[in-house]
Amino acid sequence: MTLTILCSGQGRQHSGMFALTGDVPEAQALFARAAALLGGRDPRDIVLTENSEALHHNRIGQILCSLQSLAATVALRDVIPDRIIVAGYSVGEVAAWGVAGVLSMIDTLDLVARRAEAMDAASPAGDGLLFVRGLSREVVDALCEKHDAAVAIVNPDDAFIIGGCRKALQIIAQKAKEMNAVRVVDVPVEVASHTKRLANASSTFREILDHVPVTLPAPNRVRLLSGIDASPVADIKIGSDKLAAQISQTVHWADCLQACIEGGATAFIELGPGPALSGMVTAAYPGVTARCLDDFRTLDGARAWLKRYS
Ligand SMILES: CC(C)(COP(=O)(O)OP(=O)(O)OC[C@H]1O[C@@H](n2cnc3c(N)ncnc32)[C@H](O)[C@@H]1OP(=O)(O)O)[C@@H](O)C(=O)NCCC(=O)NCCSC(=O)CC(=O)O
C-alpha cells in the first residue's frame, strides 16, 4: 500500500480551512511565519474575516493554500508513512517540496510568497483562468490559439484549465458552451499561471531558488513528482529548473496522477483547502481511495484514516 499526498493549488480557499490545523502546537511557527508574510495579519483571522474575493487574491491565496498543506503535514506527521508519493498542483508543487522534506517548511512559505510576488509583477492586470470539461485537447488548443490564450493545466478526463486575459476567456467560455462542453467555470485565480504570459516570473523565481537550501534527492522512501512532466524530482538543478518553469509552462496533472498510480499509489489524501484534487482522483480512478482534509470533522478522524496506510 502506498499513500500519495496531494497539495492543493489556488481556488478553494474558504473560511473554515484552518479548523483542523489552526490550534496544532507544532504548526504555530508556520502560522506565525505566514502572518509575518501577510503584513502581520494572522491567516486564521484573515480567512474568518475577509470575503471570498480577498482570499483569492494571488499572493494571499498562494500563501493560504501552501500554509494549509504544510500545517496539515506537521499535524499528521506521526501517522504519515515513510514511504509516500508527493505531488502538488500549481502552487501546491512548491508546498510539495516542503512536504517531501526537500525544503524547510519556513523556506517553503517564504518561497511561495516570493513566487506570488514574481507572478504579480509579471502578470498583466485582468488575467485569469477558466475551467472547461468535455472538449478534446485539439479543440481546446484551437480555441486558445484563436483567442490568445493557452492550456495551463491538463486534468484527467478531458478537463482543462485555460489561462489568458479575462476578455479572451469570456469568449472561449461562450464558444465552449456553444460546442456543448460539459462544464465551463471561471476559476477564482487572478493570474494566467502556467502560460507564457508569466515567462518573466519563471526567470525571477529560478534565480530566487538558487539562494535557498534544497536537499535532493528527497529522503529515501519519498517520491516527489514534477508537474510539468510527471517525472520524479531527483536533482537540484533539474528540479529547480522545472519548479521555476512550471510557472509559465503547461502542468500535466493527469500524467502526474497516472504516475502516482503506476508508482503503486493505492490511496490519496489532499492536504489543502477543498476537494478538487481528491475529487479528480475519485472520478478518474474509481477503484482508488481518495480523501481530502476537509472530508474530516476532526484531526483524529484524519489520523485514524491515515493509520491504515502507515
Ligand atoms: C474548476 C473546478 C471548480 C471545477 O469543478 P466542478 O466540480 O465545478 O466541475 P467538474 O467537471 O469537475 O465536476 C462537475 C460534475 O461532473 C462530474 N464529473 C467529474 N468528473 C467527471 C468525469 N470524468 N466525467 C463525467 N462527469 C464528471 C462531477 O462529479 C460533478 O458532478 P456533480 O455536479 O453531480 O457534483 C474544480 O476543478 C476546482 O476547484 N479546481 C481547482 C481549482 C484549480 O484548478 N485551480 C487552478 C490552480 S492555479 C494556481 O494555483 C496558480 C498558481 O499559483 O500557480
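Residues numbered from 1 in each chain as written. Predicted model: local features only at pLDDT ≥ 70, side-chain atom pairs only at ≥ 80, totals over all residues. Heavy atoms only, no water.

A. The arrangement of the pattern of salt bridges in detail. All chains considered together, the criterion is met by 16 salt bridges. Aspartate 78 is the salt-bridge partner of arginine 303, the closest N and O atoms lying 3.5 Å from each other. With a gap of 225 residues between them, arginine 303 in helix α13 (residues 299-307) and aspartate 78 in the loop between α4 (58-75) and β2 (84-88) connect regions that are remote in the sequence. Across the salt bridge formed by aspartate 241 and arginine 206, the nearest N and O atoms sit 2.5 Å from each other. With aspartate 241 in helix α10 (residues 236-245) and arginine 206 in helix α9 (residues 199-209), this pair connects stretches of sequence that are 35 residues apart. (Salt bridge = Lys/Arg side-chain N within 4 Å of Asp/Glu carboxyl O. Helix = DSSP H or I, 4+ residues; strand = E, 2+ residues; numbered from the N terminus.)

B. Local environment of the site of the ligand. Around the ligand there are 20 residues in total, and Gln10, Arg12, Arg133, Arg183 and Ser193 lie nearest to it. The separation between an oxygen atom of the ligand and a polar side-chain atom of serine 90 is 3.2 Å. Here the ligand has 1100 Å² of accessible area as a free molecule, and 65% of this is covered by the chains. Those elements that place two or more of their residues in the shell around the ligand are α6 (105-122), β3 (127-133), β6 (183-187) and α12 (276-284). Counted by class, the shell around the ligand contains 9 nonpolar, 6 polar and 5 charged residues. Two domains each put at least three residues into the shell around the ligand: domain 1 (2-122 + 196-309) and domain 2 (127-187). (Near = heavy atom within 4 Å. Polar contact = N/O pair within 3.5 Å; in protein donor to acceptor, adjacent residues only side chain to side chain. Areas by Shrake-Rupley, 256 points an atom, 1.4 Å probe, with all protein chains shown as cover. Nonpolar A, V, L, I, M, F, W, Y, C, P; charged D, E, K, R; others polar. Domains from an automatic or database assignment.)

C. Layout of the packing of aromatic side chains. According to the stated counting rule, one finds 4 aromatic pairs in the structure shown. A centroid spacing of 5.1 Å and a plane angle of 80 degrees characterise the contact between tyrosine 89 and tryptophan 253, whose relative ring orientation is edge-to-face. With tyrosine 89 in the loop between β2 and α5 (92-99) and tryptophan 253 in helix α11 (residues 253-262), the pair connects residues that are 164 residues apart, well separated along the chain. Counting every residue linked through ring pairs, the aromatic cluster contains Phe296, Trp305 and Tyr309. Stacked on the ring of phenylalanine 31, the Lys or Arg arginine 44 has its end atom at 4.4 Å from the ring centre. (Phe/Tyr/Trp six-rings, centres within 6.5 Å; stacked < 30°, edge-to-face > 60°. Lys NZ or Arg CZ within 6 Å of the ring centre and 35° of its normal.)

D. The environment of lysine 167, seen in detail. Secondary-structure assignment places lysine 167 in helix α8 (residues 166-178). On the basis of relative accessible area, lysine 167 is assigned to the exposed category, the value being 66%. C-alpha separation for the pair lysine 167 and arginine 41, spaced 126 residues apart in sequence, amounts to 33 Å. (Buried < 20%, exposed > 50% of the residue type's maximum accessible area, 1.4 Å probe, protein only.)

E. The domain arrangement of the protein chain, seen in detail. Along its sequence, the protein chain is organised into domain 1 (2-122 + 196-309) and domain 2 (127-187). Contact residues are listed per partner, giving 13 residues for domain 1 and 13 residues for domain 2. Surface buried jointly by domain 1 and domain 2 totals about 980 Å² across both partners, of which 52% is contributed by carbon and sulfur atoms. Linking domain 1 to domain 2 there are 2 salt bridges. (Contact = heavy atoms within 4.5 Å. Buried area = accessible area lost by both parts, 1.4 Å probe.)

F. Structural detail: the sheet that holds strand β8 (residues 265-271). Overall, parallel pairing links the 5 strands, which are arranged β7-β2-β1-β8-β9 in an open sheet. Across the chains shown, the open sheet's two edge strands, defined by having one partner strand only, are β7 (222-224) and β9 (289-292). Neighbour to neighbour, the strand axes of the sheet diverge by 20 degrees on average, direction disregarded. Note: strand β1 (residues 2-7) against β2, 5 bridges, orientation parallel. Within β2, the residue paired with leucine 6 across the bridge is alanine 87. Sheet contacts for α12: β1, β8 and β9; angle to β9, the most-contacted strand, approximately 165 degrees. Where α13 meets the sheet, it contacts β1, β8 and β9, and its direction lies at approximately 160 degrees from that of β8. (Pairing = 2+ DSSP bridges. Axes fitted to C-alpha atoms, helices over the stretch in contact; angles between N-to-C directions.)

G. Seen up close, the nonpolar core. In terms of nonpolar packing, the biggest core is built from 99 residues, with Leu3, Ile5, Leu76, Trp97, Trp253 and Phe268 touching the most fellow members. In terms of residue count, α4 provides more of this core than any other element does, 8 residues in total. Inspection of this core shows a minimum of three residues originating in each of domain 1 (2-122 + 196-309) and domain 2 (127-187). Setting aside its immediate chain neighbours within four residues, leucine 76 contacts Leu271, Leu293, Leu299, Ala302, Arg303 and Leu306. (Core = buried A, V, L, I, M, F, W, Y, C linked by side-chain atoms within 4.5 Å.)

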